[in-house]
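The primary structure of each chain is shown beneath.
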Amino acid sequence: MPHRPTTDGWRNWAGNQSARPGQVLSPAGAAELGEVIRAAAEAGRTVKAVGSGHSFTAIASAGDGVLIRPDRLTAVREIDREAGTVTVESGLPLHRLNRLLAAAGLSLTNMGDIEVQTVAGATSTGTHGTGRDSGSLAAQIRALEIVLADGTVQRCSPDENPELFRGARLGLGALGVISALTLAVEPAFLLTAHEQPMAFDDVLAAFDDLVAVNEHFEFYWFPHTDRCSTKRNNRSQGPAAPLPRFKEWLEDEFLSNTVWEGACRIGRRFPAAVPTIAQVASRAWSERSYTDLAYKVFTSPRTVRFVEMEYAVPREAATTVLRELKALVERSNWRISFPVEVRVAPADDLWLSTASGRDTAYIAVHLYRGTAEQGYFTEVEKLMTAHQGRPHWGKLHTRDAEYLASVYPRFGDFTALRDEVDPQRVFGNDYLRRVLGA
């Protein structure tokens, strides 16, 4: 069984979470994973699986327990064109899945804007993009294979172990370690992206219409300005018209990452310069359109490191919350270099989905790494919770089980399922104790 004691620490992508697990294991296959979990449970040790470390919370921290790395759980088990599904192991990175599907003439229906996460890491924390009709990655799951605290390997779907399926599709790593997932796919399609600068008030005045008439709408507001950058993605019959390679490099890699990194460093060193930087940055994004394979439009390279808080609020409250947020920034002494990101999702039936039971707007705030918090996240969180906001499970927040039970109608169903399948909390850690209760 491949494993090693470790003196190495684990650190997430943003660098704000770290741990020193007692042991790091890389099992190959569900049976071997079951042996690892069974042995750890018998020894009274906790087990946590970690993906790419793209969560800003400590959701994947193993403490001094056993850390599972999914490096050897990356196989594509089956592509079923007739059923419209693909079954892959949990550690497969999304960027590899996207390219494998494209080579087979297939695609996921919707995605977030980065593709470095593992499949199970992304689904288990509620990773989402933006969509009028299509939801998060977890909402696209059609079946799961999960290893429980006793080491048994269980398959679940709407027809097989349906109660386990209802909870495990978006399970926070609290019910077991996912070894494989079956995702819905469809024939590959093109998206036309139309990016356009707009004034803040104009975006909010047209927000409902922009969401209604576009399959995928999102926008960024630049604090200390009245300017936004909007993006509309809609299906296209083609032909493909991708950005020229040099233009793509210049705008999406050099300007959006290299130059932006430098601007953020200046803002961190000289906070008084941030409003001027924001004014310049908000004018750097010009109008453009291009058409390409869906995953190439959904995702973008992200190399500038930051920390993030994101809340899901009822869709009908979005414009009110955004106006209150803008007023909050304007009356404060904060210097916010990162734009505020706004996306949407339809209601779904996942117990712990941030869109569970309600049409949703996502509002995300960011700080460049190493920037003083200044009370920004604290006050934004107060605003979001005043509107029944639900925090993204993988992004910074201070909510606890009492609050979360008040905003998730099926919260009690999930915790009852957890009591049933992991009564000894083999998969527990400090984060889960806070958000789910002891």
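Counting restarts for each chain: residues are numbered from 1 in the order of the written sequence. Where local features are concerned, this predicted model is filtered to residues with pLDDT of at least 70; where side-chain atom pairs are given and counted, the filter is 80 or more; whole-chain, interface and lining totals use all residues. To obtain the side-chain values, all non-hydrogen atoms of the structure were included, while hydrogens and water were left out.

Positionally, Arg227 belongs in strand E16 (residues 227–236). Throughout this description, buried means an accessible area under 20% of the type-specific maximum (1.4 Å probe, protein chains only), exposed means over 50%, and partly exposed covers the range between. Judged by relative accessible area, Arg227 falls into the partly exposed class, the value being 26%. Numbering of helices and strands starts at the N terminus; helices are DSSP runs of H or I of at least 4 residues and strands are runs of E of at least 2.

Take the packing of helix H10 (residues 318–330) against helix H11 (residues 376–385) next. What describes two packed helices is the angle between their axes and the distance between those same axes. For every element, the axis is a line fit to its C-alpha atoms; helices are fit only across the contacting stretch, and the angle between N-to-C directions ranges from 0 to 180 degrees. For the pair H10 and H11, interaxial distance at closest approach is 11 Å and the crossing angle is 150 degrees. In terms of orientation, H10 lies roughly antiparallel with respect to H11. As H10 runs across H11, the sense of the crossing is right-handed. Where H10 approaches H11, its residues Val321, Glu324, Leu325, Leu328 and Val329 are matched on the opposing element by Tyr376, Glu379, Val380, Leu383 and Met384. Three classes are used: nonpolar for Ala, Val, Leu, Ile, Met, Phe, Trp, Tyr, Cys and Pro, charged for Asp, Glu, Lys and Arg, and polar for all others, with Gly counted as polar. Considering only residue class, the contact of H10 with H11 consists of eight nonpolar, no polar and two charged. Should an angle fall under 35 degrees it is taken as roughly parallel, and over 145 as roughly antiparallel, whereas 65 to 115 is taken as roughly perpendicular and any remaining angle as oblique. Put simply, a crossing is left-handed when the front helix is turned counterclockwise from the back one by less than a right angle, and right-handed when it is turned clockwise. Whether two residues are in contact is decided by their heavy atoms: any pair within 4.5 Å suffices.

What follows is about unusual backbone geometry. Cis geometry marks the peptide bond from Gly238 to Pro239; its omega dihedral reads 5 degrees. If you trace the backbone, Pro239 turns up in the loop between E16 and helix H7 (245–269). The backbone of Asn161 shows a phi angle near 50 degrees, a positive value even though the residue is not glycine. Of note, Asn161 is situated in the loop between strand E11 (153–156) and helix H4 (162–168). You can call Asn161 partly exposed: its relative accessible area is 32%. With a phi close to 60 degrees, Arg425 is a non-glycine residue in the positive phi region.

So, on to the pattern of salt bridges. Each reported salt bridge corresponds to a side-chain nitrogen of Lys or Arg within 4 Å of a carboxyl oxygen of Asp or Glu. Counted under the stated rule, the structure contains 24 salt bridges. Salt-bridge contacts for Arg169 lead to Asp349; the nearest nitrogen and oxygen are separated by 3.4 Å. Linking Arg169 in the loop between H4 and strand E12 (177–184) with Asp349 in the loop between strand E19 (340–345) and strand E20 (360–368), this pair joins segments that are 180 residues apart in sequence. Asp349 sits in the exposed class, given a relative accessible area of 54%. Its salt-bridge partner being Glu381, residue Arg399 comes within 3.5 Å of it at the nearest N-O pair. Of this pair, Arg399 sits in the loop between strand E21 (390–391) and helix H12 (401–407) while Glu381 sits in helix H11, placing them 18 residues apart in sequence.

Turning next to the sheet that holds strand E8 (residues 85–89). Two strands are said to pair when DSSP picks up at least two bridges between them. The sheet built from five strands is open, its strands ordered E7-E8-E12-E10-E11 with antiparallel pairing. Taken across any chain shown, the strands that pair with only one partner, and hence form the sheet edges, are strand E7 (76–80) and E11. On average, each strand axis in the sheet is inclined to that of its neighbour by 10 degrees, with strand direction left out of account. With four bridges joining them, strand E10 (residues 141–147) and E11 adopt antiparallel strand pairing. Counterpart to Ile146 in the pairing with E11 is Gln154.

What follows covers the sheet that holds E20. An order of E17-E14-E16-E15-E19-E20-E18-E21 is seen for the eight strands of this open sheet, with the pairing classed as antiparallel. Each edge of the sheet is formed by a strand with only one pairing partner; in this case those strands are strand E17 (288–293) and E21. In this sheet, E21 lies alongside strand E18 (residues 306–314) in antiparallel orientation, the contact comprising two bridges. Its bridge partner lying in E21, Tyr311 is registered against Pro391.

Values of pLDDT, the confidence the predictor places in each residue, fall between 0 and 100. Per-residue confidence for the protein chain gives a mean pLDDT of 93; residues scoring 70 or more make up 97%. Contacts for the low-pLDDT stretch residues 1–7, under 50 throughout, to residues beyond four places or in other chains number 20 contacts.

One can find Glu341 in strand E19. Under the relative-accessibility criterion, Glu341 is labelled buried at 4%. In this structure the C-alpha to C-alpha distance between Glu341 and Ala104, which are 237 residues apart in sequence, comes to 33 Å. Look past the residues within four positions of Glu341 in its chain and what remains in contact with it is Asp113, Glu218, Phe219, Tyr220, Glu308, Tyr362, Ile363, Ala364 and His366. Within the structure, Glu341 has its side chain in polar contact with the side chain of Tyr220 (distance 3.1 Å). Polar contacts, as used here, are pairs of N or O atoms within 3.5 Å; protein pairs need one atom able to donate a hydrogen and one able to accept it. Residues neighboring in sequence count only if both atoms are side-chain atoms.

For E19, the buried fraction is high: six of the six residues fall into the buried class. On E19, burial covers both faces: Val340, Val342 and Val344 on one face and Glu341, Arg343 and Ala345 on the other are all buried. Judged from the three bridges that link them, strand E15 (residues 216–221) and E19 form a sheet pairing that is antiparallel. Looking at E19, one finds that Phe219 is bridged to Val342. Bridge count between E19 and E20: five bridges; the pairing is antiparallel. Note that in E20 the partner of Val344 across the bridge is Ala361.

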